[in-house]
Amino acid sequence: MDQYKRLIKVIGEDNLTKLMNARVLLVGIGGVGGSSLEMLARSGILNITVIDYDKFEITNLNRQILSLYENIGENKVDVARKRVLSINNKCNIKTYNSLVDESFLNNLEADFDYIIDACDDMNAKVLLVKYAIKNNIKIISSCGTGNKINPEALSITNIWKTYNDPLAKKFRYLLRKEGISYKLPVVSSSEVPILKTKDIIGSVSIVPNTAGIFLASYVINDILKEK
């Protein structure tokens, strides 16, 4: 327990036990999800399931905490597993190198207390909301962090209150199309995007990583609030 000495000082042993027993599904471990994973692992959450189908490439180095020269070309989930176990070798981490689609979710056991949606696949984001509602799992989603440079504009709100966020706008549209009015908690930035391009989206490390910390903070603090 020595590695949690400073944490216990703040939250107490009973709350640490709550964190250790929580079961979290994290979808997407890029710029946003990588930082979420780091915070979960360092906060005592031992049961983490990670889904991502991507490999690291050189353009990830400017913002993704798990990305290093030596792991370019490796599956993100394999790097995530090594990272988490190097922080806490008692962590029960499951990984899936897979896309999230209807077939995948139909075969995924709904054994989670929380879902952190840190992916940028719009179809997957909607499917995860439906999956969470169906299985009574708490969920929080990330919205757009690209083309923005001010982390102070980030906040935790709900999807229907977001603005200046093109990804959130599309997300709202797709949820309405599915007849979903659920007040989905999201991390969103109110900053007006600097660039409005349709090709490569620009990104600065300070925004996605802060968003990832916000996502993990939501889950951690919600667990600590439970009686």
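Please read these numbers as outputs of a predicted model, since none were measured by experiment.

Draft legend 1. Quick look at the overall build of the protein chain. The number of helices and strands found in the protein chain is eight helices and seven strands. The C-alpha radius of gyration of the protein chain comes to 17 Å, within 12% of the 17 Å expected for a compact globule of 227 residues. Taking the principal axes of the C-alpha coordinates as reference, the protein chain spans close to 50 × 40 × 35 Å. Considering only contacts within the protein chain whose residues lie at least 6 apart along the sequence, 71% involve residues at least 24 apart. With the model as given, the accessible surface of the protein chain reaches about 11900 Å², and the carbon-plus-sulfur share is 50%. Separation between the mean location of the 30 positive side-chain charges and that of the 25 negative ones in the protein chain comes to 5 Å.

Draft legend 2. Quick look at the pairing of strand β3 (residues 92-96). Taken together, the five bridges between strand β2 (residues 47-51) and β3 define a ladder with parallel strand orientation. Each bridged residue has a counterpart across the sheet, and for valine 50 the counterpart in β3 is threonine 95.

Draft legend 3. Just the side chain of aspartate 117, in detail. Within the secondary structure layout, aspartate 117 lies in strand β4 (residues 114-117). Relative accessible area serves as the criterion here: at 0%, aspartate 117 is assigned to the buried category. A distance of 3.0 Å separates polar atoms of two side chains, one belonging to aspartate 117 and the other to lysine 125. If near-sequence neighbours (up to four positions away) are discounted, aspartate 117 is found in contact with Val27, Lys125, Leu128, Ile140, Ser141, Ser142, Phe171 and Leu215.

Draft legend 4. Focus on the layout of surface pockets. Put simply, the largest pocket is a space of about 1200 Å³. Taken together, 46 residues make up the lining of the largest pocket; nearest its centre are Arg63, Asp120, Thr145, Leu167 and Ile201. Every element with two or more residues in the lining of the largest pocket is listed here: α3 (31-42) and α7 (166-177). A per-element tally of the lining of the largest pocket places α3 first, with three residues. When grouped by side-chain class, the residues that make up the lining of the largest pocket number 18 nonpolar, 17 polar and eleven charged.

Draft legend 5. Just the sheet that holds strand β6 (residues 154-158), in detail. The mixed open sheet is built from seven strands, whose spatial order is β3-β2-β1-β4-β5-β7-β6. The sheet is open, and its two edges are formed by β3 and β6, each paired on a single side. Across this sheet, the average inter-strand angle for adjacent strands is 20°, counted without regard to direction. Against the sheet, helix α6 (residues 122-135) touches β1 (23-27), β4 and β5 (138-142), its axis set at about 170° to β4.

Draft legend 6. How the structure looks around the pairing of β5. By the criterion of burial, β5 is predominantly enclosed, with four of the five residues buried. Handedness of the crossover is the feature at issue here: the chain leaves β4, passes through α6, returns alongside β5, and the resulting connection is right-handed. Pairing of β5 with strand β7 (residues 185-189), which is carried by two bridges, proceeds in the parallel orientation. Note on β7: the bridge partner recorded for serine 141 is valine 186.

Draft legend 7. Structural view of the packing of aromatic side chains. One pass over the structure, following the stated rule, counts one aromatic pair. Ring centres of tyrosine 96 and phenylalanine 104 lie 5.5 Å apart, and the angle between their planes is 85°; this geometry places the pair in the edge-to-face category. Residue classification places phenylalanine 104 among the buried residues on the basis of a relative accessible area of 13%.

Draft legend 8. Here's a closer look at the environment of aspartate 78. Following the sequence through the fold, aspartate 78 ends up in helix α4 (residues 76-87). The class of aspartate 78 is partly exposed, set by a relative accessible area of 37%.

Calculation rules
Residues numbered from 1 in each chain as written. Predicted model: local features only at pLDDT ≥ 70, side-chain atom pairs only at ≥ 80, totals over all residues. Heavy atoms only, no water. Helix = DSSP H or I, 4+ residues; strand = E, 2+ residues; numbered from the N terminus. Rg over C-alpha atoms; globule rule 2.2 N^0.38 Å. Contact = heavy atoms within 4.5 Å. Areas by Shrake-Rupley, 256 points an atom, 1.4 Å probe, with all protein chains shown as cover. Lys, Arg positive; Asp, Glu negative; His and termini not counted. Charge placed at Lys NZ, Arg CZ, Asp CG, Glu CD. Pairing = 2+ DSSP bridges. Buried < 20%, exposed > 50% of the residue type's maximum accessible area, 1.4 Å probe, protein only. Polar contact = N/O pair within 3.5 Å; in protein donor to acceptor, adjacent residues only side chain to side chain. 1 Å grid on protein atoms, 1.4 Å probe; cavity = no way out; pocket = protein on both sides within 12 Å on 5 of 7 lines; lining within 4 Å. Points joined across faces, edges and corners; volume = space filled by probe spheres on them. Nonpolar A, V, L, I, M, F, W, Y, C, P; charged D, E, K, R; others polar. Axes fitted to C-alpha atoms, helices over the stretch in contact; angles between N-to-C directions. Right-handed = clockwise from strand over helix to strand, strands pointing away. Phe/Tyr/Trp six-rings, centres within 6.5 Å; stacked < 30°, edge-to-face > 60°.

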